Every structure is written in structure tokens, then in C-alpha cells.
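Coordinate inspection notes
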Amino acid sequence: MIVQLNAARFRMVNEELYTTTSEKAKAMFKRDPEAFKSYHVGYQNQVEQWPINPLNVIITWLKKQPKDWIIADFGCGDAKLSMSVPQTKVHSFDLVAANNRVTACDMAHTPLKPGSVDVVVFCLSLMGTNIKDFIIEANRVLKKGGIMKVAEVESRFTNLNDFLLNVSRLGFHCTQKDVQQKYFYMFDFKKNRDCKKAKDVPEIALKPCMYKKR
Ligand code: SAH
């Protein structure tokens, strides 16, 4: 019974995160901090069912990059990425600070200085109805030539070309595209310019990832 209740709560919080703005999601967790815990217990259960965890792919890649790079993990969960590369400086952001590695903030507005990081990671964290704001923020904090890594569930991309086009209009160039895998798509984007005229770019819409009742 408790297991079923937790699973139902996970699905509810998950749906809320995908269907409201990040500002509302932040307010929801402020009102109800337990909701974040329920979400992460359910999320870990999901991770265990996947053939691969894209976060591990990103960690393996990061371990081969220069140690003096500055990384920003946007939507870091429990900051596993930061723990996995202890010699590298990682700024970890999430709506709630699950531990002292995490800075609690909406990743649409981080405290990072402009042009200060080499890599921004979005691993399964492009939730909310204002994804465009997150990409604009990534562009702001990245150095020119910096890398934005995106991993998302494949079924969220109802129009991949539109996604790639709109991200590129926000100041990026797609340098790597792994869309062969069955479950996850992974992309590398290079920042090629500061994002201006973002107003002309439509909202970046990805389909919510809803989990089925078991
Ligand atoms: N990247 C981690 C966690 C993925 S779960 C991993 O791969 O293990 C997605 C996370 O994104 C959740 O912890 C959620 O709270 C966070 N998130 C969603 N929207 C956010 C926002 N606007 N600002 C900060 N974190 C956000």
C-alpha cells in the first residue's frame, strides 16, 4: 500500500514538473519539501529499469576532459555528477538542495557570472514549460565555444528538427547528435554566439515524459 502511494505521488509530482513553469515548480517544492523526496525515490526506481543511465555516459566523457574545466550541472538531482569527478569544479543546481553540494535555484536564473563555465549539462532535466529560458541561461553562463550537453528521453522529441533549429537560434551549433539509441537521445551543442533576439524564437516544446501506473 505504501509502495503504491509513493508511486502515485511520484507520478503526480513528475506530471506537475513537466506541465508547469519552473517558477511554479519551485513554489510547489517550497510549499511541500516532501514532494521532492518522493519524486527522487520514484525517479531512482525508474533509473534502475533503464538499459543505460545517460548520466553515466556524461560522467565517462567528463572524466576524459581537462580537469580545469568549470562545469555547471543544471537540474543535478542529488549531484551524482559532481561526486563522480571530485577533481573538477562542478556547480550543481536543482530546485531543492538534496545535499550540501547542491545550490537550490531555478536553473532559469542561476547565480553564475556570464561566460564563466566550459560545460553546461542538462541530463533529463529539461522539465517545465519554459525550456527556452533554461537554454538562454546556459548560453549566458557559457564561455564562447563552451559545450552544452543535453540528454533526454527519446519519446519527448515529437519534432527533432524544430528542437535543433530553435536551440541553434539561441546561439548554439549542434556538434554531436546521438539519436540511434532506443531510449535516450544525446546532443552536444557548442555556443557560437551570445543569445540575442531570443524573443523571436518560439518556446521549445518537448512532450512531457509520463510514467505509467504499474
Ligand atoms: N540530472 C540528474 C537528475 C535528473 S531528474 C540525473 O541525471 O540524475 C531531473 C531534475 O531536474 C530533478 O531533480 C528536478 O528537480 C530538476 N529540475 C527540473 N526543473 C528544474 C529547474 N527549473 N531548475 C532546477 N532544477 C530543475
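Residues numbered from 1 in each chain as written. Predicted model: local features only at pLDDT ≥ 70, side-chain atom pairs only at ≥ 80, totals over all residues. Heavy atoms only, no water.

**Thoughts on the overall build of the protein chain**
- Looking only at helices and strands, the protein chain has 7 helices and 7 strands in total.
- Counting helices and strands in the order they occur from the N terminus, the protein chain gives α-α-α-α-β-α-β-β-β-α-β-α-β-β.
- Here the C-alpha atoms of the protein chain give a radius of gyration of 16 Å, agreeing with the 17 Å that 2.2 N^0.38 yields for 214 residues.
- Buried positions account for 50% of the 214 residues belonging to the protein chain. (Helix = DSSP H or I, 4+ residues; strand = E, 2+ residues; numbered from the N terminus. Rg over C-alpha atoms; globule rule 2.2 N^0.38 Å. Buried < 20%, exposed > 50% of the residue type's maximum accessible area, 1.4 Å probe, protein only.)

**Points about the packing of aromatic side chains**
- This model, assessed by the stated rule, comprises 18 aromatic pairs.
- With centroids separated by 5.0 Å and ring planes inclined at 80°, the aromatic side chains of Phe-157 and Phe-163 adopt a geometry described as edge-to-face.
- Residue classification places Phe-163 among the buried residues on the basis of a relative accessible area of 4%.
- By way of ring pairs, the aromatic residues Phe-10, Tyr-39, Tyr-43, Trp-50, Tyr-183 and Phe-184 are connected into one cluster.
- A cation over an aromatic ring shows up here: Lys-149 above the ring of Trp-61, its NZ or CZ 3.8 Å from the ring centre. (Phe/Tyr/Trp six-rings, centres within 6.5 Å; stacked < 30°, edge-to-face > 60°. Lys NZ or Arg CZ within 6 Å of the ring centre and 35° of its normal.)

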